[in-house]
Amino acid sequence: QVQLVESGGGLVQAGGSLRLSCAASATMFSIYTMGWYRQAPGKERELVASISSGGTTNYADSVNGRFTISRDNAKKTMYLQMNSLKPEDTAVYYCNKARGGGFAWGQGTQVTVSS
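Being a predicted model, the structure only gives us computed values, none of them experimental. (Residues numbered from 1 in each chain as written. Predicted model: local features only at pLDDT ≥ 70, side-chain atom pairs only at ≥ 80, totals over all residues. Heavy atoms only, no water.)

### Things to note about the side chain of R71
And then number 1: Locating R71 in the fold gives a position in strand β7 (residues 67-72).
And then number 2: One buried charged side chain, R71, makes no salt bridge at all; its nearest oppositely charged neighbour is D72, positioned 8.5 Å away.
And then number 3: Of note is the side chain of R71, whose polar atom sits 2.8 Å from the backbone oxygen of F29.
And then number 4: From its side chain, R71 meets the backbone oxygen of S52 in a polar contact 3.2 Å long. (Helix = DSSP H or I, 4+ residues; strand = E, 2+ residues; numbered from the N terminus. Buried < 20%, exposed > 50% of the residue type's maximum accessible area, 1.4 Å probe, protein only. Lys, Arg positive; Asp, Glu negative; His and termini not counted. Salt bridge = Lys/Arg side-chain N within 4 Å of Asp/Glu carboxyl O. Polar contact = N/O pair within 3.5 Å; in protein donor to acceptor, adjacent residues only side chain to side chain.)

See below:
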């Protein structure tokens, strides 16, 4: 089974930055459209950014212009650079496929933005 391991979260003040990493064990990682999701307590998990195998990116309106998704296929790793963080960005962040059936969810990484 594919394992997804998220890291890089933490506590940051509003306006600050964090860089999240997602390490995947998928043999064919390079062909998948991947995405970053987030979930706050009592809220639905939402897709905030995705990146295709060819590098095409999409962002939710709530993060567009502030977050940048990228991937390193050789390292089977995906990143989310988060700038100008806002308290409403506070959530557990997960990575997974953004198209087709997903892998099993990892533990996620907590991002907390203080005001």
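Past the structure itself, the notes keep going.
### Quick notes on the side chain of T77
And then number 1: Within the secondary structure layout, T77 lies in strand β8 (residues 77-82).
And then number 2: For T77, a relative accessible area of 10% corresponds to the buried category.
And then number 3: Within the structure, T77 has its side chain in polar contact with the backbone oxygen of K75 (distance 2.9 Å).
And then number 4: Non-local contacts of T77, meaning those with residues more than four positions away in its chain, are made with S21, C22, A23, F29, R71 and D72. (Contact = heavy atoms within 4.5 Å.)

### Observations concerning the packing of aromatic side chains
And then number 1: According to the stated counting rule, one finds three aromatic pairs in the structure shown.
And then number 2: Ring plane angle 80° and centroid distance 5.3 Å describe the contact between Y32 and F103, whose orientation is recorded as edge-to-face. Taken as a pair, Y32 in the loop between β3 (18-24) and β4 (34-39) and F103 in the loop between β9 (91-97) and β10 (109-114) lie far apart in primary sequence, 71 residues in all. Like F103, Y32 is buried.
And then number 3: When the ring of Y37 is compared with that of W105, the centres are 5.1 Å apart and the planes differ by 90°; the resulting orientation is edge-to-face. Here W105 lies in the loop between β9 and β10 and Y37 lies in strand β4, a separation of 68 residues in the sequence.
And then number 4: Looking at Y37, the relative accessible area reads 13%, which means it is buried.
And then number 5: Among the aromatic residues, those joined into a ring-pair cluster are Y37, Y94 and W105.
And then number 6: The cationic tip of R19 hangs over the ring face of Y79; the distance from NZ or CZ to the ring centre is 3.9 Å.
And then number 7: Of note, R45 hangs over the ring of Y94, and the distance from its end group to the ring centre comes to 4.5 Å. (Phe/Tyr/Trp six-rings, centres within 6.5 Å; stacked < 30°, edge-to-face > 60°. Lys NZ or Arg CZ within 6 Å of the ring centre and 35° of its normal.)

### Re unusual backbone geometry
And then number 1: Phi at K76 is positive, roughly 50°, even though this residue is not glycine.
And then number 2: Structurally, K76 can be placed in the loop between β7 and β8.
And then number 3: Located in the positive-phi region is S84, a residue other than glycine, with phi close to 50°.
And then number 4: When its relative accessible area of 41% is taken as the criterion, S84 is described as partly exposed.

### Quick look at the environment of S50
And then number 1: Considering the arrangement of structural elements, one finds S50 in strand β5 (residues 46-51).
And then number 2: C-alpha separation for the pair S50 and G35, spaced 15 residues apart in sequence, amounts to 3.9 Å.

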